[in-house]
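Secondary and tertiary structure notes
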Amino acid sequence: VGAPRQDNQKGAVLVFRRDGGTWVEAGRLEAEGLGAGAQFGGAIALAGDLAFVGAPRQDGTGTVFAFRRDGDAWTPAGTITPDDGERGNAFGAALLVRDGVLLVGSPLHGAGAVYSYRVDGESFEPHGKLVPFDGARRDVFGAAMAWNGGELWVGSPRAGRGSGVIYVFEHGEGGVTGVRKVASPVAGRASFGQAIAAAEGVVVAGLTGADNGAGLAAVFEAGEEPRLAATLASPPEGMDPVTGGEVACTGGNAAGWDCGDVDLVSFLPVSAIGGGRGVRLNDIWGWTDPETGKEYAIVGRLDGTSFVDISDPANPVYVGNLTRTEGTQPSTWRDMKVYKNHVFIVADGAPGHGVQIMDLTKLRDFAGEPIEFTEDAHYDGVSSVHNIVINEETGFAYTVGNRAGGETCGGGSHIINIQDPLNPTFAGCFAHPETGRQGTGYTHDAQCVVYRGPDADYQGREVCFNANETALSIADVTDKENPVPIAAPTYPNVGYAHQGWLTEDQHYFFMDDELDELQGKVERTRTLIWDVSDLDDPQLVGEYLGTTSATDHNLYIRGNLMYQSDYQAGLRIIDISNPLEPKEVAYFDTVPYGTNTPGFGGSWSNYPFFESGVVIVTSGNEGLFVLRKRETVF
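Residues numbered from 1 in each chain as written. Predicted model: local features only at pLDDT ≥ 70, side-chain atom pairs only at ≥ 80, totals over all residues. Heavy atoms only, no water.

**Some details on the pattern of salt bridges**
Basically, it comes down to this: Just to be clear on terms, a salt bridge is a Lys or Arg side-chain nitrogen sitting within 4 Å of an Asp or Glu carboxyl oxygen. Only runs of H or I of at least four residues qualify as helices and only runs of E of at least two qualify as strands under DSSP, and these elements are numbered from the N terminus. Classification of residues uses two cut-offs on accessible area relative to the type maximum, computed with a 1.4 Å probe and protein chains only: under 20% is buried, over 50% is exposed, and between them is partly exposed.
Following the criterion strictly, the structure yields 26 salt bridges and no others. Note that Arg452 is salt-bridged to Glu393, the shortest N-O span being 2.4 Å. Highlighted residues: Arg452 in the loop between β37 (445-450) and β38 (462-467) and Glu393 in the loop between β32 (387-391) and β33 (396-400), separated in sequence by 59 residues. Using a relative accessible area of 48% as the deciding quantity, one classes Glu393 as partly exposed. Among the salt bridges present, the one from Glu462 reaches Lys480, with a minimum N-O distance of 2.8 Å. Here the residue Glu462 occupies a position in strand β38, and Lys480 occupies one in the loop between β39 (472-476) and β40 (484-487), the gap between them amounting to 18 residues.

Given below as structure tokens:
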């Protein structure tokens, strides 16, 4: 069994022996000269008493280690490296041995390559190399291989922009006698050919990227024209809904989730709100219908946006779906905000998506069956967008993290007049010079307000507080055609300035850094506390360190409480009545497995602004949570 990521990716191979009905560990394969990050055990092939183990990052190029079994012991029997290897070729990422011939995949060698070696005792003589006749760089030809009789099937899962293809080489006594291609049976970035197995005329090929990464397996009946016989999928994964009545947090637990002074009002898994196989949730916002008083959750998914009626919070109802902009790919990063009963939706990593605009009063049309909604307007002045910020008081939207077409504004704020929601118009650009990783003024997220804080110089001005990857950017955007940068302070141990929110008196700005925990720059979840009473000279006056080491993502402030989505640690509620001494007073861990360590997955965001007091929370693989904080403080 290979464990290529063990020991800081140095790798390991464990040997097990079956003893009756159990498997007993019987030792390890020890490679001589193994380097850090070698990923030893990335591939394994067995031939009698010989074992071949790939270490695709050994010495930067990749190496195959050979071992011979002598009784219960495995001893080194040589190494294999390519004569024409270059750094980063991943030689040894795939291995296949049959009839005295060892095939070694080197998928990052140009378009990819498969090296052949004759095995004679402890001698491994080069015997040729296969490359794709029409391959392009980084097609990763050789990522997987399988013999089907006299045919060698070789996967090239990144060919065709990630669709994938399998090359079938026909072999005779003189070597290769012909080659043909098998195309992916699934459209999109399916990674067809990432894994292949064959036996008795049946070939099974993995499509690891299909169904949003949930994966499929295609079964072929081999022949001159391989026939797709079946497509296999694992059963949909997901949790059961929790509805019908609040589940109290008792003894630190509510229906299987860890908690502290937060009750579970209800829970709907991804599959219950329009998410198909492999779909995950991302951002969330809320809307209250001014006519009916009903509260709604607006939930981002990989492939669209869900609308959920939570007016009876213990019995939420899935109202319908707005699919992503036609022709665009699914997006991990979807964001939405509301203005004048219209929702404005953007997506990153999705060229051509623009801004979808939908009239939310259409949610009143729900009559029991989920509705497939369509947008009511579309703004195409931007293309792929990371986040959208709206100042509801002025009627201006700010798309940030713009790329892939349109007026990107250097990745900063693309300002849109949305005072007439169905007729948005471009109003201006702002990118704070020399901020962001590329120095272009890239903004990841922001909050824009009519300023009423302590600084008399900016009273009544429209001011944006921007998280710009490397700094906090503050700008006066009152004149949309001529925004003015005010300040751009940075701070120690920057990982990635991600997002933040003002206290209600606009005296302080709390900001999260998404990567400082993951990069080991801090030991616990860190929130930066800025005193912005003097906008020209903001001061970092404190750092709140949380109760776990989980990565923080999005935070919002209502009253004296900060609601923070900390990925694996879920929702954390912090009392900031004394802004310089925050204290966690409640929590609900939305991930009922694993540990609260740095990394992604889990709670993406939350919305704590409903009059009812419920807080809605998204958790990527889990679903939509409706929560209620208890009045007590522990």
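**A closer look at unusual backbone geometry**
The phi dihedral of Arg161 falls on the positive side, at around 60°, and the residue is not glycine. Mapped onto the secondary structure, Arg161 falls in helix α2 (residues 159-162). Notably, Asn212 is not glycine yet its phi reads approximately 55°, a positive angle. Within the fold, Asn212 resides in the loop between β16 (202-207) and β17 (216-221).

**Focus on the sheet that holds strand β7 (residues 94-98)**
Within a beta sheet, neighbouring strands are joined by backbone hydrogen bonds and run either parallel or antiparallel to one another. Definition in use: The criterion for strand pairing is that DSSP finds at least two bridges linking the strands in question. All axes are obtained by fitting lines to C-alpha atoms, using only the stretch in contact for helices, and the reported angles, taken between N-to-C directions, cover 0 to 180 degrees.
Taken in spatial order, the four strands of this open sheet run β7-β8-β9-β10, and their pairing is antiparallel. Two strands in the sheet have a free side with no partner beyond their single neighbour: β7 and β10 (123-130). The mean angle between the axes of side-by-side strands here comes to 25°, regardless of whether they run parallel or antiparallel. Here strand β9 (residues 113-120) runs beside β10; their pairing, made up of six bridges, is antiparallel. Bridging from a neighbouring strand, Val119 pairs with Phe124 of β10.

**Overview of the packing of aromatic side chains**
Counted only if it meets this: Pairing of aromatic rings covers Phe, Tyr and Trp, the last through its six-membered ring, and needs centres within 6.5 Å; plane angles under 30 degrees mean stacked, over 60 mean edge-to-face, and all others mean tilted.
The tally for this structure, following the rule as stated, stands at 29 aromatic pairs. A centroid spacing of 6.3 Å and a plane angle of 75° characterise the contact between Tyr491 and Trp530, whose relative ring orientation is edge-to-face. With Tyr491 in the loop between β40 and β41 (497-502) and Trp530 in strand β43 (residues 526-531), this residue pair connects regions lying 39 residues apart in the sequence. Accessibility classification places Tyr491 together with Trp530 in one group, the buried group. Measuring from ring centre to ring centre gives 4.9 Å for Trp501 and Tyr556, while their planes differ by 75°; the resulting arrangement is edge-to-face.

**Quick notes on the side chain of Ser383**
Note the threshold: Pairs of N or O atoms within 3.5 Å make up the polar contacts considered here, provided that, within protein, one atom can donate a hydrogen while the other can accept it, and that residues adjacent in sequence are counted only when both atoms are side-chain atoms. Note on definitions: a residue-residue contact is assigned when non-hydrogen atoms from the two residues lie within 4.5 Å.
With respect to the helices, strands and loops of the structure, Ser383 is situated in strand β31 (residues 382-384). Here Ala404 takes part through its backbone oxygen, which lies 3.1 Å from a polar atom of the side chain of Ser383. With residues up to four places along the chain from it excluded, the contact list for Ser383 reads Ala347, Ala350, Pro351, Gly352, His353, Gly354, Arg403, Ala404 and Gly405.

**Side note on the sheet that holds strand β46 (residues 561-565)**
Read across the sheet, six strands follow the order β19-β20-β48-β47-β46-β45 without closing on themselves; strand pairing throughout is antiparallel. Both edges of this open sheet fall to β19 (253-254) and β45 (554-558), since each of them pairs with a single strand only. Pairing geometry for β19 and strand β20 (residues 257-260), over two bridges, is antiparallel. Within the sheet, the bridge partner assigned to Asn253 lies in β20 and is Asp258.

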